[in-house]
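Examining the three-dimensional arrangement
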Amino acid sequence: MTTSDSQAAARWWELGKLVHELDMQNNARLRERVAKIGLTIAQASALRELTAPMTLSELAAQMGCEPSNAIVVIDKLESQQLVERRPHPTDRRAKQLSLTPEGIEEQKRLLKLLFEEPLVTGLTEQEQDTLQDLVQRAISAAQTPQA
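Counting restarts for each chain: residues are numbered from 1 in the order of the written sequence. Note on the predicted model: pLDDT of at least 70 is required for a residue's local features to be given, and 80 or more for side-chain atom pairs to be given and counted; whole-chain, interface and lining totals, by contrast, use all residues. The side-chain quantities take in all heavy atoms of the structure and omit both hydrogens and water.

1. Let's talk about the overall build of the protein
So the rule is basically this: The secondary structure listing takes helices from DSSP runs of H or I that are at least 4 residues long and strands from runs of E that are at least 2 residues long, numbered from the N terminus. Radius of gyration: over C-alpha atoms. The globule rule applied is 2.2 Å multiplied by the number of residues raised to the 0.38 power.
Within the protein one finds six helices and two strands. Moving toward the C terminus, one meets the helices and strands of the protein in the order α-α-α-α-β-β-α-α. The C-alpha radius of gyration of the protein comes to 19 Å, more than 25% above the 15 Å expected for a compact globule of 147 residues. Overall size of the protein, expressed as C-alpha extent along the three principal axes, is 60 × 40 × 25 Å.

Dropping the structure here:
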């Protein structure tokens, strides 16, 4: 390994540490903020992603988790009367998840809270947009099979 390779590896390692630290800080901030309205991060994620009726599998994909994990979250939201299960209009084996009127109000409260208290602080709106674009590009590149 050359000195140049070693320096590149050190830069990549440091970048990974920084991204991890930002993720940890954002998760802590998010947990603190959503707790103000009585939600967990997973519940907030489900409420945020339920923008239209969808199946549990579709919601789990949006949330970035397995359906078995999402069902626990949906069961809790359903017990709080924020989400309801309805028969799927074209697949009698499936159920669609929808927000109840109370769920829509809770979703509005969540979005207002997130808007009023951004997770990434210390950056201008333009810098936040740039960071989002760069992270999205890095994620997309990592998901693209290498030839």
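Now that the structure is up, let's keep going.
2. Regarding the side chain of histidine 88
To keep things clear, this is the line we draw: Residues are treated as being in contact if the distance between any of their heavy atoms lies within 4.5 Å.
Positionally, histidine 88 belongs in the loop between strand E1 (83-87) and strand E2 (95-99). Among residues more than four places away in sequence, those in contact with histidine 88 are Thr55, Ala94, Lys95 and Gln96.

3. Regarding the confidence of the model for the protein
Regions with low pLDDT carry predicted coordinates that are not meant to be interpreted in detail. To keep things clear, this is the line we draw: The predictor attaches a confidence to each residue, and that confidence, scored 0 to 100, is pLDDT.
Confidence along the protein averages 91 in pLDDT terms, with 99% of residues attaining 70 or more. Mean pLDDT across the elements of the protein ranges from a minimum in helix H6 (residues 125-143), with 88, to a maximum in helix H2 (residues 41-49), with 96.

4. A look at the nonpolar core
The cut-off we apply is this: Here, nonpolar core refers to any group of buried Ala, Val, Leu, Ile, Met, Phe, Trp, Tyr and Cys residues whose side-chain atoms link them within 4.5 Å. Note on classification: 1.4 Å probe, protein chains only; a residue is buried when its accessible area is under 20% of the maximum for its type, exposed when over 50%, partly exposed between these limits.
Ranked by internal contacts, the top residues of the largest apolar core, which has 23 residues, are Leu59, Ile74 and Leu77. If you list the elements that add at least two residues to this core, you get helix H1 (3-35), H2, helix H3 (56-63), helix H4 (67-79), E2 and helix H5 (101-116). When neighbours within four sequence positions are excluded, leucine 77 is seen to be in contact with Leu39, Gln43, Ala46, Leu47, Leu82 and Val83.

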